[in-house]
Amino acid sequence: MKISVIGTGAWGQALFFALSAKNRSTSISSATNRDIEGLTQVPIKEAIDSNLIVFALSAQHTDEWLKKNFHHKGQNIVVASKGIDAKSGEFLNQIYTKYAPKENLAYLSGPSFAKEVREGLPCAIVVHSKNKKLSRRVSNLFPPFIKAYTSSDIAGGEISGAYKNVIAIAGGICDGLKLGNNAKASLVSRGLIEMARFGKSFGAKNKTFLGLSGAGDLFLTSSSTLSRNYRVGYALAKGKKLDEILEELGEVAEGVMSAKAICYLSKKHKIYTPIAKEVELIIEGKNPLDSLKDLLS
């Protein structure tokens, strides 16, 4: 099978490393014409013609990029991005189904820091798809150090992947304010409930939020400095401005825009999401201590 990874960010590079370990015909291509030292890339046109394409694009630029560059010719697609389009409020599965049939689409989720995947450290992920045959096929592409499960709950996997980044920002804020372990445990557990409540409104299954895609990825990203979203929250708690934080980060922190998208959808569908709301307000300039008081009340 000819496999192409599109997107040369940290996660794209990690997936290329993992997939090429087992499949020699794996290539990588930059979505933004970025040169990476030591990484041989193929042109976008060549990548698009692969049997299987793994997209590791920023959620906020996915629709625009696909419209400009992609034409479906029967390729199978694995969506490795996590986020919600803040402009339209569309989930990634809504975007990708405009360009390819559902039976050709699969979505990755689960606790998997790019740095540790690059180092070959063990982890478990979930491949979500309505096409069971495709799910199994994709799960078998990963090397032995990655255990890949399968699921048909696309909404649950995708909402978990987007929402946990928002709670991770809150986790960073909690640690940045030195609120302690009790507060952190309370925040993350209530964040899980909030995530599941939001997901239920879009047809997601509760068991997805209790597994790798939900609780697993949430616990990971809300507690580690390897998480970009956690680092954003920590820096916000220390009084840094968002623009300055993102410039220093040098990478995309999807939780920033996903917070806006989640709050937009929550208001539209009348879903109670207090943590996401406070994260959005802090991003917009609210004092984190005032948000703490409001959450406790």
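Quick caveat: nothing in here was measured; it's all calculated off a predicted structure.

1. Comments concerning the overall build of the protein
If you tally the helices and strands in the protein, you get 15 helices and 7 strands. Dimensions of the protein along its principal axes, counting C-alpha atoms only, are 55 × 40 × 35 Å. For the protein, with 297 residues in total, the buried portion stands at 56%. In the protein, of all internal contacts separated by at least 6 residues, the share reaching a separation of at least 24 is 65%. Split by element, the accessible area of the protein, about 14000 Å² in all, is 51% carbon and sulfur. Each charge sign in the protein was given a centre, from 40 positive and 27 negative side chains, and these centres are 7 Å apart.

2. A short note on the pairing of strand E7 (residues 146-151)
Note that strand E6 (residues 123-128) and E7 share 6 bridges and pair parallel. If you follow Cys-123 over to E7, its bridge partner there is Ile-146. Handedness of the crossover is the feature at issue here: the chain leaves E6, passes through helix H6 (residues 132-139), returns alongside E7, and the resulting connection is right-handed.

3. Regarding the state of the cysteines
Formally, a disulfide is one covalent bond, and it connects the sulfur atom of one cysteine to the sulfur atom of another. For the coordinates displayed, the defined rule picks out 0 disulfides. With no disulfide of its own, Cys-174 lies closest to Cys-263 among cysteine sulfurs, the gap being 19 Å.

4. Overview of a positive patch on the surface
Side chains of Lys-102, Lys-130, Lys-132, Lys-133, Arg-136, Arg-137, Lys-205 and Lys-207 sit close together on the surface and give a patch of like positive charge. For Arg-136, the location among the structural elements is in helix H6.

5. Looking at the side chain of Ser-135
Its location among the elements puts Ser-135 in helix H6. In this view, Ser-135 contacts Val-127, His-128, Ser-129, Thr-150 and Ser-151; residues no more than four positions away in its chain are not counted.

6. Concerning helix H7 (residues 154-176)
The end-to-end C-alpha separation of H7 is 33 Å, in line with the 33 Å expected for 23 residues at 1.5 Å each. The buried count for H7 comes to 22 of 23 residues, which makes it a mostly enclosed element. Sitting at the head of H7, Asp-153 places a side-chain oxygen 3.0 Å from the backbone nitrogen of Gly-156. Of the residues flanking the end of H7, it is Lys-178, one or two places downstream, whose phi is positive at about 55°.

7. With respect to the nonpolar core
In terms of nonpolar packing, the biggest core is built from 42 residues, with Tyr-163, Phe-198, Val-232, Val-279 and Ile-283 touching the most fellow members. Within the residue set of this core, elements represented by two or more residues are H7, helix H8 (181-200), helix H10 (212-221), helix H11 (228-237), helix H12 (242-249), helix H13 (254-269) and helix H14 (274-283). Take this core: its biggest share by element is 10 residues, from H7. Leaving out residues up to four positions away in the same chain, Val-279 has contacts with Val-166, Ile-169, Ala-170 and Ala-259. Within the second largest apolar cluster, 29 residues are counted, among which are Trp-11, Ala-106, Cys-123 and Ala-148.

8. Some remarks on the packing of H7 against H11
Two elements in contact, H7 and H11, have axes whose closest approach is 6 Å; the angle formed by their N-to-C orientations is 40°. Taken as axis vectors, H7 and H11 run oblique relative to one another. Judged by the twist between their axes, the crossing of H7 over H11 is right-handed. Taken together, the residues of H11 that come into contact with H7 (itself represented by Asn-165, Ala-168, Ile-169, Gly-171, Gly-172, Ile-173, Asp-175 and Gly-176) are Asn-229, Tyr-230, Gly-233, Tyr-234, Leu-236 and Ala-237. For the contact of H7 with H11, the residue count by class is 7 nonpolar, 6 polar and 1 charged.

9. A closer look at the packing of aromatic side chains
Throughout the structure, instances matching the rule amount to 8 aromatic pairs. Aromatic side chains Tyr-163 and Phe-198 sit 5.4 Å apart centroid to centroid with 65° between the ring planes, which places their arrangement in the edge-to-face category. Here the residue Tyr-163 occupies a position in helix H7, and Phe-198 occupies one in helix H8, the gap between them amounting to 35 residues. Ring plane angle 45° and centroid distance 5.0 Å describe the contact between Phe-198 and Phe-202, whose orientation is recorded as tilted. Accessibility expressed as a relative area gives 0% for Phe-198, which makes it buried. Here Phe-202 falls in the partly exposed class, since its relative accessible area comes to 24%. Among the aromatic residues, those joined into a cluster by ring pairs are Phe-55, Trp-65, Phe-70 and Tyr-96.

10. Quick word on unusual backbone geometry
Although it is not a glycine, Lys-178 adopts a positive phi angle of roughly 55°. Assignment of secondary structure puts Lys-178 in the loop between H7 and H8. Looking at Lys-178, the relative accessible area reads 68%, which means it is exposed. Of note, Lys-270 is a non-glycine position whose phi angle comes to about 55°, a positive value. Looking at where Lys-270 falls in the secondary structure, it is placed in the loop between H13 and H14.

Reading guide: rules and limits
- Residues numbered from 1 in each chain as written.
- Predicted model: local features only at pLDDT ≥ 70, side-chain atom pairs only at ≥ 80, totals over all residues.
- Heavy atoms only, no water.
- Helix = DSSP H or I, 4+ residues; strand = E, 2+ residues; numbered from the N terminus.
- Buried < 20%, exposed > 50% of the residue type's maximum accessible area, 1.4 Å probe, protein only.
- Contact = heavy atoms within 4.5 Å.
- Areas by Shrake-Rupley, 256 points an atom, 1.4 Å probe, with all protein chains shown as cover.
- Lys, Arg positive; Asp, Glu negative; His and termini not counted.
- Charge placed at Lys NZ, Arg CZ, Asp CG, Glu CD.
- Pairing = 2+ DSSP bridges.
- Right-handed = clockwise from strand over helix to strand, strands pointing away.
- Disulfide = S-S within 2.5 Å.
- Patch = residues over 30% accessible without salt bridge, like charges linked within 9 Å, V, L, I, M, F, W, Y side chains within 5 Å.
- Salt bridge = Lys/Arg side-chain N within 4 Å of Asp/Glu carboxyl O.
- Expected span 1.5 Å × (residues − 1).
- Polar contact = N/O pair within 3.5 Å; in protein donor to acceptor, adjacent residues only side chain to side chain.
- Core = buried A, V, L, I, M, F, W, Y, C linked by side-chain atoms within 4.5 Å.
- Axes fitted to C-alpha atoms, helices over the stretch in contact; angles between N-to-C directions.
- Parallel < 35°, antiparallel > 145°, perpendicular 65-115°, else oblique.
- Left-handed = near helix turned anticlockwise from the far one by under 90°.
- Nonpolar A, V, L, I, M, F, W, Y, C, P; charged D, E, K, R; others polar.
- Phe/Tyr/Trp six-rings, centres within 6.5 Å; stacked < 30°, edge-to-face > 60°.

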